[in-house]
Amino acid sequence: MKDLLLSIVIPLFNEEENIGPLYEELLQILPKLNVFSTYEIVFVNDGSKDTSLDIVKKLAHQNTHVKVLSFTRNFGHESATYAGIINATGDAVVLMDADRQDPPTLIFEFEKAYQEGIDIAYGQRTKRLQESWVKKCTSKMFYPLFKFITNIDMPRDVGDFCLLSRKAVDMIKQLPERALFVRGLIYWLGLPKRAIPFVRRERGAGTTKYNYRKLTIFALENIISFSTVPIYWLLFFSLGIITLCGGGIVVALIMRLCGYVVMSGWTSLMMCMLFLSATILFALSIIGLYIGKIFQEIKERPIFLVDEKINFN
Ligand code: UDP
Ligand code: MG
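Quantities reported herein were computed from a predicted structural model and do not represent experimental measurements.

## Quick notes on the nonpolar core
Right, so step 1: Within the largest apolar cluster, 43 residues are counted, with the highest numbers of intra-cluster contacts made by L95, F142, F146, M154, L164, I186 and Y187.
Right, so step 2: What L95 contacts, discounting residues up to four positions off in sequence, is V9, T81, I85, D160, F161, C162, L164, V182 and I186.
Right, so step 3: V35, M96, I118 and F198 belong to the second-largest nonpolar core, a separate cluster that totals 39 residues.

Written out as structure tokens, the structure is:
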């Protein structure tokens, strides 16, 4: 294995203070790699409103290894990551965030795994500096839940920081779906993978773009996109209620025939009615989420629009 090209894909949204330091760090690392003798850095500007685009454009003019893909507006982190993956030309592709939380030195470990024939080498967070305990707890709950519902062997405590072999990238490129959860798709492939533990650093500058509302919607969307198991849960739950209510009616009828009055007053009636209407509303909203996903897919709208492409031949 010699003279291979490594692509670094970096989605960014308002990261003007982080781009320069991250680029400097990468320039220290990339020439020291063994099998990857050349590199390209693909910055995907996801509709930044600060000077991020000007900064990456300047870097691209100084260094032809730097490529820029700029969207017309903000399409979201997943779309930006996906756009970077499908436009990368390397023999392997590293995905990393622009905010400097992912330490570039881990690329050495990714390279070692790649040399040993691993298709997916991923950073596994042993510690997350600066993140709130609510975020740490919800993320701890999300991974087992996602695995339980979807049956996809997605490891715990992973982000998008990973290396994908060309084989993995080409497989991802073949998938036709628009509802993207890149992390889920990567592990859905079922290719050989290896965890590389690391400490997730603090953000270089700025704040996270994911608030709790966004994170909750993100988690729900991903589960809905990957699995129909929640609909089966609803089915079994409603079957349980029907059996329970049916049994209750039979018992009440028999007792009535024997001369007993089983239920009196409206409290029990109201409780049953409220419980059942809440269950129906819950079931309807889950089904609505699935219909929403179908709606998004059948529209076949592109998931991003490119305004500018620099240094792509
Ligand atoms: N990002 C993006 N588009 C968005 C939101 C975020 O490209 O709409 C980028 C962001 O610039 C960063 C990465 O995605 O490089 C991860 O975002 P962030 O650090 O806010 O997420 P967190 O690390 O808090 O999960
Ligand atoms: Mg971050």
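## What to know about the side chain of D160
Right, so step 1: Tracing the backbone shows D160 in strand 6 (residues 158-165).
Right, so step 2: One polar contact links D160 to R183, side chain to side chain, over a distance of 3.0 Å.
Right, so step 3: Once residues lying within four places of it in the same chain are set aside, the contact partners of D160 are H77, E78, T81, L95 and R183.

## Description of the sheet that holds strand 5 (residues 120-128)
Consider a sheet: its strands pair through backbone hydrogen bonds, and that pairing is either parallel or antiparallel.
Right, so step 1: Strands sit in the order 7-5-6-4-1-2-3-8 across an open sheet of 8 strands; the sheet is mixed. Two strands lie at the open edges of the sheet, namely strand 7 (193-200) and strand 8 (306-310), each paired on one side alone. Here the strands of the sheet are splayed against their neighbours by 20° on average, with no regard to which way each runs.
Right, so step 2: Strands in contact with helix 6 (residues 166-174) are strand 4 (92-95) and strand 6; relative to strand 6, the strand with the most contacts, it is inclined by about 110°.

## Examining the pairing of strand 1 (residues 4-12)
Right, so step 1: With 8 of its 9 residues buried, strand 1 lies for the most part within the structure.
Right, so step 2: As paired strands, strand 1 and strand 2 (residues 36-45) are joined by 9 bridges and run parallel to one another. Paired with L6 across the two strands is Y39, which belongs to strand 2.
Right, so step 3: Taken together, strand 1, helix 1 (residues 16-29) and strand 2 constitute a β-α-β crossover, and its handedness is right-handed.
Right, so step 4: Here strand 1 pairs with strand 4 via 4 bridges, running parallel. Bridge assignment links V9 to a residue of strand 4, and that residue is L95.

Thresholds, definitions, all that
- Residues numbered from 1 in each chain as written.
- Chains lettered and ligands numbered in written order.
- Predicted model: local features only at pLDDT ≥ 70, side-chain atom pairs only at ≥ 80, totals over all residues.
- Heavy atoms only, no water.
- Core = buried A, V, L, I, M, F, W, Y, C linked by side-chain atoms within 4.5 Å.
- Buried < 20%, exposed > 50% of the residue type's maximum accessible area, 1.4 Å probe, protein only.
- Contact = heavy atoms within 4.5 Å.
- Helix = DSSP H or I, 4+ residues; strand = E, 2+ residues; numbered from the N terminus.
- Polar contact = N/O pair within 3.5 Å; in protein donor to acceptor, adjacent residues only side chain to side chain.
- Pairing = 2+ DSSP bridges.
- Axes fitted to C-alpha atoms, helices over the stretch in contact; angles between N-to-C directions.
- Right-handed = clockwise from strand over helix to strand, strands pointing away.

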